[in-house]
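So the chains spell out like this:
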Amino acid sequence: MDPLKVDIVVVGAGPGGYAAAFYAADRGRQVMLVERDGRLGGVCLNRGCIPSKALLHATELMREAKELSPARGITFGEPSVSLEKLRAWKESVLAKLAGGISALAKARGVQVLYGRGHFEDSATLRVETSEGQKFFTYETAIIAVGSKPAMPQAFDLGNPRIMTSTEALELEEIPKELLVVGGGYIGLELSTVFATLGSRIVLAEALDAILMGLDADLARPVLRYAEKHFKEVRLGAKVLTMATSGKQIKVTVEVAGAQRDEVYDRVLVAVGRTPNCANLGLENTKVTQDEKGFIKVNARQQTDDPALYAIGDVVGGAMLAHKASKEARVAVEVITGESSAFEQITIPAVVFTDPEVAWCGLTESEARAKGIAVEVAKYPWAASGRALSLDRTDGLTKLVVDPQTERILGVGLVGARAGELISEGVLAIEMGATAKDLAESVHPHPTLSETLMEAAEMFYGTSTHAIARKRNALTA
Ligand code: FAD
């Protein structure tokens, strides 16, 4: 059978792949989007960002009703949770979004082919579909096959009680005793969901901090929450082995040099993600991978094979949906002849715990580690009228400022809805805004966004609602 010819083929329809396909079509290119799942949207939509945030929202409602509302004179009865209905609601959100992506593909004339892609050589893709194999030649291919949860061999018993985030989000049951291995954002977000639903969580993190790399003052409120709502948060705890023990899992853990055996109803392993490069036929192309298997690309998203570009989780770096979508734009712009590059781009990060944490640009700890001179201005949410009216004073807004130019180099927020606030920080950094720009931009009252303005005012010692220890002169 002669292969069919396409202009651009995109393999993988996550936030990297479908964004690339849509953008290329918007720029007048003929595009085919290949996806092995039965639904578009990738990990983010189907088993990542969206289902986790849907469940976090539902459970946040329970916490607010139970913990904050009584002091306001409003009390609710004990909540009754129907896992079946919760799952159905979550599924309805995903189905609506996936349907929307399909409709957008159709409206743009993007040809969607469901099947598994495999590179035969640098110019040919074989797709295994439910109707058999199809072969395509192309001018350019964009590899956007994403990643999957890492499962260390010692835990990989084939026992469904040992879950990754994928199974945990299916919400089959609420385990009584749940061990969560990994104190990164996925482990923490899912622990927050299960703790509210009633699981007794032990969170084990091998390192000596949760959310490794995050400034300690931003991580602290999240740790405090976890210590209050989980059975235990164990830092410096290494989970060594797991074994099936009837309907439970026996786990050997090492804490402070001593080993002990414990038994859990279920275990959630959230120790990182690995790229989906197996059985992709990369060995038939000139694409190269690093020691962890991520595809090597330059700043223009070009692999070592001139016909192949790669974007998203499969190239490593910040494994976030919006990073994948930005790389998609860079790749398409390079393919269509622009001089774009993924350089000097501010990628915000949000952890949707309670409270949320969000940051972008240079962090204080990174500046210290690299010996970059910075000044830090902080505004505590205890001084925010909006935070008080929400009963959420457990927040902090901080700016990392260049002391010479007063330019904003980094922004960090911890607090309710921090994820909705961080984009102002991204804009400030991207536009080269100074602390003065932020201080002089009028922010609406009463909102949490005012904390950004007041943090900038703290830099000059002129915050209306807080006293700054140090003053930089604010010149007209
Ligand atoms: P993916 O979304 O992984 O998509 C890749 C697609 O390629 C998949 O649909 C896969 O089926 C398909 N594919 C793979 N191999 C082939 C093949 N051979 N042929 C055809 N198709 C193939 N990120 C955020 O920014 N915010 C969040 O809040 C957030 N929360 C998360 C929560 C969880 C629990 C998890 C697991 C992840 C979360 N992420 C979040 C990360 C985010 O999901 C990923 O960074 C993002 O999905 C990466 O996009 P991608 O397009 O690179 O790949």
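Everything numeric in this text was worked out from a predicted model, so none of it was measured. (Residues numbered from 1 in each chain as written. Predicted model: local features only at pLDDT ≥ 70, side-chain atom pairs only at ≥ 80, totals over all residues. Heavy atoms only, no water.)

Asker: Please set out the domain arrangement of the protein chain residue by residue, giving values where relevant.
Answerer: Annotation of the protein chain at the domain level lists domain 1 (4-148 + 274-335), domain 2 (153-271) and domain 3 (355-460). Using C-alpha coordinates to define each centre, domain 1 is positioned 31 Å away from domain 3. (Domains from an automatic or database assignment.)

Asker: Got a sec to walk through the site of the ligand? Specific residues and values, please.
Answerer: Close to the ligand lie 39 residues; G16, E35, K53, G117 and A321 are nearest. At 2.7 Å, a side-chain N or O of E35 approaches an oxygen atom of the ligand. Contact between the ligand and K53: an oxygen atom at 2.7 Å from a side-chain N or O atom of the residue. Listing elements by their share of the shell around the ligand, those giving two or more residues are strand 2 (31-35), helix 2 (42-47), helix 3 (49-68), strand 4 (116-121), helix 6 (185-197) and helix 8 (321-335). Of all the elements, helix 2 adds the most residues to the shell around the ligand, at four residues. Taken domain by domain, the makeup of the shell around the ligand includes at least three residues from each of domain 1 (4-148 + 274-335) and domain 2 (153-271). (Near = heavy atom within 4 Å. Polar contact = N/O pair within 3.5 Å; in protein donor to acceptor, adjacent residues only side chain to side chain. Helix = DSSP H or I, 4+ residues; strand = E, 2+ residues; numbered from the N terminus.)

Asker: Describe the nonpolar core, with residues and values.
Answerer: Ranked by size, the top nonpolar core spans 35 residues in total, and within it F230 and V357 carry the most contacts. If you list the elements that add at least two residues to this core, you get helix 3, helix 4 (83-108), strand 9 (177-181), helix 6, strand 10 (200-205) and helix 7 (216-229). When residues of this core are assigned to their parent elements, the largest contribution, six residues, is made by helix 6. Not counting chain neighbours up to four residues away, the residues in contact with V357 comprise L211, L214, L218, V222, A349, V350, V351, L413, V414 and A418. One finds Y379, L399, A433 and A456 within the second-largest nonpolar core, a separate group that totals 31 residues. (Core = buried A, V, L, I, M, F, W, Y, C linked by side-chain atoms within 4.5 Å. Buried < 20%, exposed > 50% of the residue type's maximum accessible area, 1.4 Å probe, protein only. Contact = heavy atoms within 4.5 Å.)

Asker: How would you explain the sheet that holds strand 18 (residues 349-351) if you had to name every residue and give the values?
Answerer: The pairing of strands in a sheet comes from backbone hydrogen bonds and takes either a parallel or an antiparallel form. Read from one edge of the open sheet, five strands run 18-19-22-21-20, paired in antiparallel fashion. The two strands at the open ends of the sheet, each matched to only one other strand, are strand 18 and strand 20 (375-380). Adjacent strand axes in the sheet meet at a mean angle of 10°, parallel and antiparallel pairs treated alike. Where strand 18 meets strand 19 (residues 356-361), three bridges bridge the pair, whose relative direction is antiparallel. Pairing of V350 across the sheet is with A358, part of strand 19. Contacts from helix 7 reach strand 19, strand 20, strand 21 (396-401) and strand 22 (408-415), with the element oriented near 15° to strand 22. (Pairing = 2+ DSSP bridges. Axes fitted to C-alpha atoms, helices over the stretch in contact; angles between N-to-C directions.)

Asker: Report on the sheet that holds strand 8 (residues 162-163), specifying residues and quantitative values.
Answerer: Taken in spatial order, the five strands line up as 8-15-9-10-11 in an open sheet, and their pairing is parallel. The two strands at the open ends of the sheet, each matched to only one other strand, are strand 8 and strand 11 (232-235). Sheet topology places strand 10 next to strand 11; four bridges connect them, and they run parallel. What sits directly across from A204, in strand 11, is R234. Against the sheet, helix 6 contacts strand 9, strand 10 and strand 15 (266-269), and its axis sits at roughly 165° relative to strand 10.

Asker: Please set out the state of the cysteines residue by residue, giving values where relevant.
Answerer: Applying the stated criterion across every chain, the model contains one disulfide. Between the sulfur atoms of C44 and its disulfide partner C49 the distance amounts to 2.4 Å. Here the S-S torsion is close to -125°, and the disulfide linking C44 with C49 is therefore left-handed. Under the relative-accessibility criterion, C49 is labelled partly exposed at 26%. (Disulfide = S-S within 2.5 Å.)

Asker: Can you tell me about the pattern of salt bridges, naming the residues and giving the values?
Answerer: Between side chains of opposite charge, a pair can form as their charged atoms come close. One pass over the structure, following the stated rule, counts 32 salt bridges. Its salt-bridge partner being E64, residue R72 comes within 2.9 Å of it at the nearest N-O pair. On the accessibility criterion, R72 (34% relative accessible area) is partly exposed. According to the relative accessible area criterion, E64 is partly exposed, its value standing at 32%. Across the pair R392 and D394 runs a salt bridge whose closest N-O atoms are separated by 2.8 Å. (Salt bridge = Lys/Arg side-chain N within 4 Å of Asp/Glu carboxyl O.)

Asker: Quick rundown of the side chain of E457? Include the residues and the values.
Answerer: Position of E457 among the secondary structure elements: in helix 13 (residues 450-460). Residue E457 is classed as buried on the basis of its relative accessible area, which comes to 11%.

Asker: Could you give me a rundown of the pairing of strand 14 (residues 258-264), with the residues and numbers involved?
Answerer: Pairing between strand 13 (residues 248-255) and strand 14: seven bridges, direction antiparallel. Within strand 14, the position partnered with V251 by the bridge is E262. The turn linking strand 13 back onto strand 14 is made up of two residues, and A256 within it adopts a positive phi angle of 50°.

Asker: I'd love a proper account of helix 11 (residues 418-430), names of residues and values included.
Answerer: Over its 13 residues, helix 11 runs 19 Å from end to end, which matches the ideal 18 Å to within 8%, given 1.5 Å per residue. For helix 11, every residue scored as buried is listed here: A418, G419, L421, I422, G425, V426, A428 and I429. The buried residues of helix 11 occupy an angular sector of 165° when the element is viewed end-on, so they sit on one face. Turned more than 90 degrees away from the buried face of helix 11, the exposed residues are E420 and L427. Where the residues of helix 11 are buried, they touch strand 18, strand 19, strand 22 and helix 13. (Expected span 1.5 Å × (residues − 1). Arc of directions from axis to C-beta.)

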